[in-house]
Amino acid sequence: MSFVKLSTSALALTAMAATTAVARDQVQVAGSSTVLPYASIVAEAFGENFDFPTPVVESGGSSSGLKRFCEGVGENTIDIANASRAIREKEIKACAEAGVTDIIEVRIGYDGIVFASQTNGPAYTAFQPADIFNALGSKVLVDGAIVDNPHAQWADFNADLPAADIMAFIPGTKHGTREVFEDKVLLEGCEATGAMAAMMEAGMSEDDAEDACIDVRQDGASVDIDGDYTETLARIDANPNGIGIFGLAFFENNQDKLKVATMGGVAPSTETISTGEYPVSRPLFFYVKKAHIGVIPGLKEFASFFVADEIAGPDGPLSAYGLVADPELSETQTAIEAETPMGGGS
Amino acid sequence: MTDASMTPTDAPKKKSSLMAQDARTRKRNAAETRFRMYGMAAIAVGLLFLVFLFTSILRSGLPAFTQTVVDIEFTLTQEQFDTAESKMLKTGEYQKIFVNALSEQLDARGLDVAFDAKAIQRIVGKPGGTIRSFFLENPDRIGTPVSFELAASSRVDGYFNGRMTRDTLVDSRFLMATDLDLVDALEEAGIIGGAFNWNFITGTDSGVDNPGGAGLGASVIGSFFMMLVVLFLSLPIGVAASIYLEEFAPKNRWTDLIEVNISNLAAVPSIVFGILGLAVFIQFAGFPQSAPLVGGLVLTLMTLPTIIISTRASLAAVPPSIRDAALGVGASKMQSVFHHVLPLAMPGILTGTIIGLAQALGETAPLLLIGMVGFVAREYPETFVGGFTDANSAMPAQIYTWASRADPGFYEKAWGGIIILLLFLITMNAIAVVLRRRFERRW
């Protein structure tokens, strides 16, 4: 009979635990794996310096973070979504439908996206956006005609590049990094090679042409990586010809294994990114649910701590790790103090 | 048993002897020898993989158990304490005080190497939090010299344990080649050196810029509370279900259907249980995210079929004569089960349970979906109930998290975590073997 007693007590224990769990005293964050390192640094420092418990930071990608953010208001939804791109219109709409109306957008700084390969691999040292587009676009311009991408080696379209098989590991579509890669590299390259003009001449509307430009070839030369940069790194380790897309901070942490290529003649570094010389950079954000401020203890304090000069400023720990400090940090700070939601209305 | 030799009259021409084998016997014997060789080769390959696995785990993971530490004694004045506490980033202030104290001591020793505060900053890790929490707990030590052993930065740690050499070092703001001269000088002076990394076993997770402060302790506790939930739910439910199905339930289409479903459930990928857990326990029932309670519930679902199947097998192994004897002396059906059959089946049930628990302990996939992967295992639960409801991670989830961080120091920590996880699993399986050996009855 002890089993009956055991199971009853176990059920009672569970029920008890569940009822006491109603009030959450911890900030919950989820989203971009690019922002995750920074968020975890801030969360650790926040726990060490304040009397609030350390926030929980989960990974998963910008899109999945924002999706969870938009599930609704309440203690079993997350308070903050990290994103390596700005929130999209349709996400704002989805949020509003679930009752998440006042969203505070916080820009924490900038991050560079770099193209890196094995230290001992082919000499991928200098790229132009056009090279990347010619290598990875699904339709490219060859001899004045738009054709399915015929290039097998980098040297096929640019004699300056090594005669090595094209093999690229790019972030999957759930990553915010992918969007930046599409906008700042593929689209630029598409325009630079004249492919976009040729597509529009062929009767495509501008939007369709843009969509065609950012379409990546599907014949195996380009591989979508849905995991973190460590997965990309492992793929690069196994493929001497491979080239991977990394965040600047990740690359800097693994410089003994990777060499970086310049983009448009500029080497990526915190300096070139902050001046805007290095073309492929993007702002990093997090989004705060205004309805949770005052309900979840420490939420507002965490948000303002995140963008405080001591943390996100040029001499703070985030810069030391690889974030490019935002020159307009003080405006972000004021916006958090005033709890100004997106779109200006309140 | 060659039949040729047994019937000599039928084939008088064929001379066969027990001493000389005929062709067929040789062929059969050769086949047997070959089969044995295949078997041995298969075992050898298996062992080879095992050895390869263990050496690679130990080689990559053992460095996580040692830690390069900076051994230094310095005094924090009341004034410094008050200033630091008035700042927003208090730990950063303590870090500065520490770096200044170290520079002054190095100056006083007259080291032969040129250095600046930035170099020291790169060599020491992130000790601000440790120093602050020490002085908050021991305010009476302010103003007196205190000796600290503080973790050095992960790059310096890598230099000491061979993960990185002077040749592979690329100058960066994390560590410069010139810093290594200073590190060597510090080692000669006895300020920097190796020590056993207790923090790795007892500590909590740390931020990505502080691999030296990372520990598995909190997630071990998270795993422990999850296993408590699994044990106290799946054992009674599983045993009750099996007893009913095995001893009481009528054999009909319904029970057949249930049986088939239980076997099928045992084969369902664990990620499916994670999705179920997210939908039912978190979104519908409103349980807290990242809580070991939810993790335990999900793993209970996963473990239940394993326990039911093994319990039913051990119940069925109890000979019917025992039941008959009990019924014969007037016991009720229930008495015969609980007084006689169940105690005899107990070793098998416990073995099955422990193996089910070990399986659940190493499971990561369902935890991905209920928020236990990420920067979670930062704090120990304060109360017993809090152990179930406070956000925490689990050992395999923590290992996964570390493996995906940029700093190579964390990769090493992930391997170290694997060693600890393996120790737990080996212990549990050993207990299961001992139980089986000790209490198993044969009829």
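Cut-offs used in this document
Residues numbered from 1 in each chain as written. Chains lettered and ligands numbered in written order. Predicted model: local features only at pLDDT ≥ 70, side-chain atom pairs only at ≥ 80, totals over all residues. Heavy atoms only, no water. Buried < 20%, exposed > 50% of the residue type's maximum accessible area, 1.4 Å probe, protein only. Helix = DSSP H or I, 4+ residues; strand = E, 2+ residues; numbered from the N terminus. Arc of directions from axis to C-beta. Contact = heavy atoms within 4.5 Å. Patch = residues over 30% accessible without salt bridge, like charges linked within 9 Å, V, L, I, M, F, W, Y side chains within 5 Å. Areas by Shrake-Rupley, 256 points an atom, 1.4 Å probe, with all protein chains shown as cover. Salt bridge = Lys/Arg side-chain N within 4 Å of Asp/Glu carboxyl O. Domains from an automatic or database assignment. Buried area = accessible area lost by both parts, 1.4 Å probe. Polar contact = N/O pair within 3.5 Å; in protein donor to acceptor, adjacent residues only side chain to side chain. Nonpolar A, V, L, I, M, F, W, Y, C, P; charged D, E, K, R; others polar. Pairing = 2+ DSSP bridges. Axes fitted to C-alpha atoms, helices over the stretch in contact; angles between N-to-C directions. Left-handed = near helix turned anticlockwise from the far one by under 90°. Lys, Arg positive; Asp, Glu negative; His and termini not counted. Charge placed at Lys NZ, Arg CZ, Asp CG, Glu CD. Core = buried A, V, L, I, M, F, W, Y, C linked by side-chain atoms within 4.5 Å. Disulfide = S-S within 2.5 Å.

(A) Highlighting helix α15 (residues 329–337) of chain A. Residue and element names in this part refer to chain A. For α15, every residue scored as buried is listed here: L329, T332 and I336. Buried positions in α15, seen along its axis, are confined to an arc of 60° and lie on one side of it. Among the exposed residues of α15, those oriented more than 90 degrees off its buried face are E331 and T334. Residues of α15 that are buried make contact with β4 (103–118), α12 (299–306) and α13 (309–312). Two residues or fewer past α15, E339 is found with a positive phi of approximately 55°.

(B) Local environment of a nonpolar patch on the surface. All names here are of chain B. A cluster of nonpolar residues, I43, L47, L50, L53, F54, L58, L62 and I426, forms a patch on the protein surface that exposes about 710 Å² of accessible area. Looking at which element gives the most residues to the nonpolar patch, the answer is helix α2 (residues 23–61), with 6 residues. With respect to the helices and strands, the residue I426 is situated in helix α19 (residues 408–439).

(C) Fine view of the domain arrangement of chain A. Residues and elements named next belong to chain A. Parsing chain A into structural domains produces domain 1 (22–110 + 283–337) and domain 2 (112–281). Between domain 1 and domain 2, the C-alpha centre-to-centre distance is 29 Å. Counting residues at the interface gives 16 residues for domain 1, matched by 17 residues for domain 2. In this assembly, domain 1 packs against domain 2 so that about 1,200 Å² is buried in total across both faces, 50% of it on carbon and sulfur atoms. Per-residue buried area on domain 1 facing domain 2 is highest for S33, Y321 and V324; these three make up 32% of the total on that side. For the pair domain 1 and domain 2, the number of links is 2 salt bridges. Between R85 and E179 there is a salt bridge whose closest N-O contact spans 3.9 Å. Counting across the interface, domain 1 meets domain 2 through 2 residue pairs in polar contact (both at pLDDT 80 or more). In terms of residue class, the side of domain 1 that touches domain 2 is made up of 5 nonpolar, 9 polar and 2 charged.

(D) Local environment of the sheet that holds strand β3 (residues 192–196) of chain B. All names here are of chain B. The antiparallel open sheet is built from 3 strands, whose spatial order is β2-β1-β3. Two strands lie at the open edges of the sheet, namely β2 (145–151) and β3, each paired on one side alone. Strand-to-strand twist across the sheet, computed as the mean angle between neighbouring axes with direction ignored, equals 40°. Pairing between strand β1 (residues 66–75) and β2: 7 bridges, direction antiparallel. Residue pairing in the sheet places V70 in a bridge with L150 of β2. Lying over the sheet, helix α6 (residues 128–137) contacts β1 and β2, oriented at roughly 145° with respect to β2.

(E) Seen up close, the packing of helix α14 (residues 320–328) of chain B against helix α15 (residues 333–361) of chain B. Residue and element names in this part refer to chain B. Put simply, α14 and α15 touch, their axes get as near as 9 Å, and they point 140° apart. As α14 runs across α15, the sense of the crossing is right-handed. Counting all contacts with α14, which are made through I322, R323, A326 and L327, the residues of α15 involved are K333, S336, H340, V341 and L344. Of the residues in the contact of α14 with α15, the class split is 5 nonpolar, 2 polar and 2 charged.

(F) Region of the structure containing a positive patch on the surface. Where like charges cluster on the molecular surface, the positive patch consists of B:R24, B:K27, B:R28 and B:R34. Judged by its relative accessible area of 63%, B:R24 is exposed.

(G) How the structure looks around the domain arrangement of chain B. Residue and element names in this part refer to chain B. What the domain assignment reports for chain B is domain 1 (65–196) and domain 2 (217–439). If you average the C-alpha positions of domain 1 and of domain 2, the two centres end up 45 Å apart. At the junction of the two partners, domain 1 supplies 7 residues and domain 2 supplies 8 residues. For the pairing of domain 1 and domain 2, the buried interface totals around 510 Å² over both sides, and the portion due to carbon and sulfur atoms is 48%. Inspection of the region where domain 1 meets domain 2 yields 2 salt bridges.

(H) Molecular detail of the nonpolar core. In terms of nonpolar packing, the biggest core is built from 91 residues, with A:F115, A:F127 and A:I132 touching the most fellow members. With 8 residues, the top contributor of residues to this core is helix α2 (residues 36–49) of chain A. Taken domain by domain, the makeup of this core includes at least three residues from each of domain 1 (22–110 + 283–337) and domain 2 (112–281) of chain A. Residues contacting A:F115, with those up to four places away along its chain left out, are A:F127, A:I132, A:F181, A:V185, A:I243, A:G244, A:I245, A:K259, A:V260, A:A261, A:M263 and A:Y278. Formed by 49 residues, the second largest nonpolar core is a distinct cluster that contains B:L228, B:I370, B:A414 and B:L421.

(I) Fine view of the interface of chain B and chain A. In this assembly, 53 residues from chain B lie in contact with 53 residues from chain A. The tally of links between chain B and chain A comes to 2 salt bridges. With its nearest N and O atoms 3.5 Å apart, the salt bridge here joins A:E48 to B:R378. Of all the secondary structure elements, the ones that give two or more residues to the side of chain B that touches chain A are α4 (90–109), α6, α10 (217–248), α12 (270–284), α13 (292–317), α15, β4 (374–375) and α17 (384–389) of chain B. Note: strand β2 (residues 56–58) of chain A against β4(B), 2 bridges, orientation antiparallel. The residue bridging A:V57 from the neighbouring strand is B:F375, located in β4(B).

(J) View of the side chain of B:E412. Residues and elements named next belong to chain B. The residue E412 is located in helix α19 in this model. Engagement of the side chain of E412 in a polar contact is seen with the side chain of N161, the distance being 3.3 Å. Leave out the neighbours within four places in its chain, and E412 touches S60, G61, P63, A64, D157, N161 and R163.

(K) Examining the state of the cysteines more closely. Residues and elements named next belong to chain A. All told, the structure shown has 2 disulfides over all chains when counted by the stated rule. Note that C70 is cross-linked by a disulfide to C95, the S-S spacing being 2.0 Å. Taking the torsion about the sulfur-sulfur bond, which here is approximately -75°, the covalent link between C70 and C95 counts as left-handed. Taken together, the residues C70 in the loop between α3 (62–69) and β3 (80–83) and C95 in helix α4 (residues 89–97) connect sequence positions 25 residues apart. Bridging C190 to C213, the disulfide has an S-S length of 1.8 Å. Taking the sign of the S-S torsion, -55° for the link of C190 and C213, the bridge is left-handed. Of this pair, C190 sits in helix α6 (residues 176–193) while C213 sits in helix α8 (residues 206–213), placing them 23 residues apart in sequence. The burial state of C190 is the same as that of C213; both residues are buried. When the bonded cysteines of chain A are numbered from the N-terminus onward, they pair as 1-2, 3-4.

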